[in-house]
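# Residue-level structure breakdown
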Amino acid sequence: MAAILGLIHGQSAYAQTPAGSADPQESSAAPSSGFGTEDIVVTAQRRSESLERTPVAVSVIGGEALKEKSITSQADLQSAVPGLQVKASQSSDQLNYAIRGQSLDPFSSVRPGVLPYFNEVQVGGPGSGAFYDLQSVQVLKGPQGTLFGRNSTGGAVLVTSTKPENRFGGYISGRLGNYDLRQIEGAINIPIVDDKVLLRVSGLIERRDGFQFNLFDGERVGDIERNAVRGSLTLNPTPALSNTLVVDYLHSGGSSTSNVLYSVFQPGQQGPGATIAPVPANVLFSPLLDSVFGPGSFAAYLAAHPGADPDGIIAFAEKQKQRGPFEINVDGANSHSAKNLVVSNITTLDIGTDTQIKNVFGYTRIKTLDRAEFDGSPYGIDTLGPQGLRQDLRQVSEELQLIGKTGSLSYVTGIYYSNERLDYFSESIIFDVGPFIPLSDQFNHSITTNKTLAPYAQGTYDLSGLTGVSGLSVTAGVRYTVEEVQIARQPDDIYIANPQPGFVLAPQSQKFKKWSWQFGVQEQLDNVLLYAVTRRSFRSGGFNSIAPPLPGLGNEGGSEYLAEVATDVELGAKFRGNVAGAPVRLNIAGYNLWVEDIQRVTYALIRGTPSAITVNVPKARVRGIEADLTVSPTLWLNIGGSMNYAKGRFTSNLVRVAGGDPVAFGPYPDLPEFSATAFAQITVPVKGTMTVSARGDIYGQTKTYFSSAQRALNPGAVLPGYSLADFRLALQDEQAGWSLSANLKNAFNRVYYVGGLPFESVFALNAAVPGAPRTFLVQAEFRF
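Since the model is a prediction, treat every value here as computed from it, not as a measurement.

The next thing to look at is the sheet that holds strand 42 (residues 753-757). Strand order in this open sheet of 3 strands is 18-43-42, and the pairing throughout is antiparallel. Where the open sheet ends on each side, the last strands, each with one partner, are strand 18 (260-264) and strand 42. Taken pair by pair, the neighbouring strands of this sheet meet at an average axis angle of 35°, ignoring direction. Bridge analysis of strand 18 against strand 43 (residues 765-770) gives 4 bridges, and the strand direction is antiparallel. Within strand 43, the residue paired with Val260 across the bridge is Ala768.

In structure tokens:
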């Protein structure tokens, strides 16, 4: 969830943080206009301050920009900013973020490398949702270990809803588009008691047909049904005391955009990465089956499976490639259902001119049920069974802070507590080669709990008085985290129901204790800010839930994995001012990120069952440069763009997967070497307060790998680079409160992919999830 600096309402920034407002609940995005180079307020340091005065890389999209770009979910943010990847794994409804190569692999038991927050409450893991009536979306890049609720090694995504205001008003908007898109959203703001009791209620209803057509059953796949409502209540009993309660509920239905068969390893193929899959789909689901069970075997298989392609999986892969990813032929059932409830309660009490006590309470309950196809073919290789994939996540968090300023020191100190419980159940139908090999109906069922306690403190000291150097300051922060993780496999789990020698049948637990820190120096020189910062953070270790419960680490054949530790150095410079009379905003940052015990998943057959095993790759380094530019040469023209270069590699890459022979991991996944954007917007008056605007955006990125062992185990696990173009035309009257617009996304209908499943090492195939094709919509909105 990020935004490019060049977007109308949000620009990336790399800046400095002296003292800011003591009220961290203030606006965390630009004002509604968002054009040019006006001041933008963020909360990246848990206090409200100018974007230009935050000593970390942070990107922002304001609420109006989200609407103008037709960004209604996480998936729509894929092309919003270079450097942010929105990855799909099992399907389009299993999404997670990747920043600077820190991400989450499919079927992983680890916590995401980039954590999402809603109104300062950390929310769940991978999934999908709806964006509506938002004040801003902020993205913090790099290790986050001193201020935010949980530690993360890649960054944080901060979603802030629009707060109640002391005025009556609201809006209603409707959208219609291709694929039978119908969407209506709105909000109403009511001051129940002037400046004392403020209420805001908003909601969204969205329907859309799927992008894919399934030849197997004649149904469309990927349809969306979203119903959402949010209530926000602010109480201001005294000038010093304020409480804001937000209750957000989302019910999602429909189905998911499916994986498609992306590549099949040819039997006997040689070269780098040539392996013999333990369950060779390229043999068992092709005429080569006759070589295993005798002449006529494949014909007998086809008779038992009338929907299977008679030419075999290798020929089918070529047919799928020719059809493209939106005309599919898959045998697995496809459905998606999710109920998300998020409660955020923030209380602030001013106890002095520059001192404030703040309490953040959070409650999250996310229940999902998915049925999906994993191999992307009409053969019974790997699909979710009738009971599907069920996840029930409950989180309760409590955070108490003291925020203030004394003399030259601005500080934030506090303590964070979280109690989390995840009930994970999946039924997988694997390898139906009847009548020769009966299908495997595999159940994985576990309950994982996590209890976290973390005190922290961070401060910024203005050195101007001591050094005589105006604008010079230092920032230092520290945090000590204790996380206790436990996994309890349930009686219907395959490993408990069918125990083998050496299995650990009792609950497994581990406690992780780690220090995190941040230190930075920054100096403001008129319109130029210079900063340097170094940080360390981690994500805790744990236990693999889709692997045999054996003692020891995954590298040694066990089910445990170590904590991952990330340390970075970031140097940045920022300019905001006028050049030849034109407002300009320019940001440049370079970083070096070192990661130890990197948590990556590989897929293997262990003790006779397909497993997803998280291992620790010893060491990696990611280097990069990020730059963005916005220029307003005239009152009617805004132009800009951004560029990201990143290079990652495993510097110590030999790993024993499940205790086997060492495997050389690499290249580094989820990290395009180059990504860039460019935009131009023209806005001209028509009559009175009426204006017309035209805007164009271009996004492009180079190839990415979706396996951390692509070279050794999954040679087909690489997604090609792509470029996208979006256009918008709008007519609006700000004073009258109405607007009409038309959006065209992926204008040239490019085919691209947003994630994949690297199953070549176990099934001799890979699958991938396509991104959205060309879409268009028209929108009408009225504000009152």
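With that settled, consider a positive patch on the surface. Residues Lys339, Lys367, Arg394 and Arg421 make up a contiguous surface patch of positive charge. Residue placement: Lys339 occurs in strand 20 (residues 335-352). What makes Lys339 partly exposed here is its relative accessible area of 41%.

Overall, the coordinates contain 25 salt bridges when judged by the stated rule. Asp670 is the salt-bridge partner of Lys87, the closest N and O atoms lying 3.1 Å from each other. Placement of Lys87 in strand 5 (residues 84-88) and of Asp670 in the loop between strand 35 (662-664) and strand 36 (674-687) is noted, with a sequence separation of 583 residues between them. Assessed through its relative accessible area of 9%, Lys87 is described here as buried. Judged by relative accessible area, which is 7%, Asp670 ranks as buried. Note that Arg100 is salt-bridged to Glu570, the shortest N-O span being 2.9 Å. Of this pair, Arg100 sits in the loop between strand 6 (95-99) and strand 7 (114-118) while Glu570 sits in strand 30 (residues 564-579), placing them 470 residues apart in sequence. The two residues Arg100 and Glu570 agree in class, both being buried. One salt-bridge network, held together by shared partners, links Arg100, Lys141, Arg535, Asp568, Glu570 and Glu626.

Note on soluble globular proteins: their nonpolar side chains tend to be buried together. Membership of the largest hydrophobic core comes to 33 residues, with the highest contact counts inside it found for Phe285, Ile313, Ile381, Phe431, Phe759, Phe763 and Leu765. Of all the elements in the fold, those that place two or more residues in this core are strand 18, helix 2 (281-284), helix 4 (297-304), helix 5 (313-323), strand 22 (382-406), strand 23 (409-430), strand 31 (582-606) and helix 8 (760-763). It is helix 5 that provides the largest number of residues to this core, a total of 3 residues. Each residue touching Phe431, except ones within four places of it in the same chain, is listed here: Val279, Pro280, Ala281, Leu284, Phe285, Gly380, Ile381, Ile437, Pro438, Leu439, Ser440 and Phe763.

Cut-offs applied
Residues numbered from 1 in each chain as written. Predicted model: local features only at pLDDT ≥ 70, side-chain atom pairs only at ≥ 80, totals over all residues. Heavy atoms only, no water. Pairing = 2+ DSSP bridges. Helix = DSSP H or I, 4+ residues; strand = E, 2+ residues; numbered from the N terminus. Axes fitted to C-alpha atoms, helices over the stretch in contact; angles between N-to-C directions. Patch = residues over 30% accessible without salt bridge, like charges linked within 9 Å, V, L, I, M, F, W, Y side chains within 5 Å. Areas by Shrake-Rupley, 256 points an atom, 1.4 Å probe, with all protein chains shown as cover. Salt bridge = Lys/Arg side-chain N within 4 Å of Asp/Glu carboxyl O. Lys, Arg positive; Asp, Glu negative; His and termini not counted. Charge placed at Lys NZ, Arg CZ, Asp CG, Glu CD. Buried < 20%, exposed > 50% of the residue type's maximum accessible area, 1.4 Å probe, protein only. Core = buried A, V, L, I, M, F, W, Y, C linked by side-chain atoms within 4.5 Å. Contact = heavy atoms within 4.5 Å.

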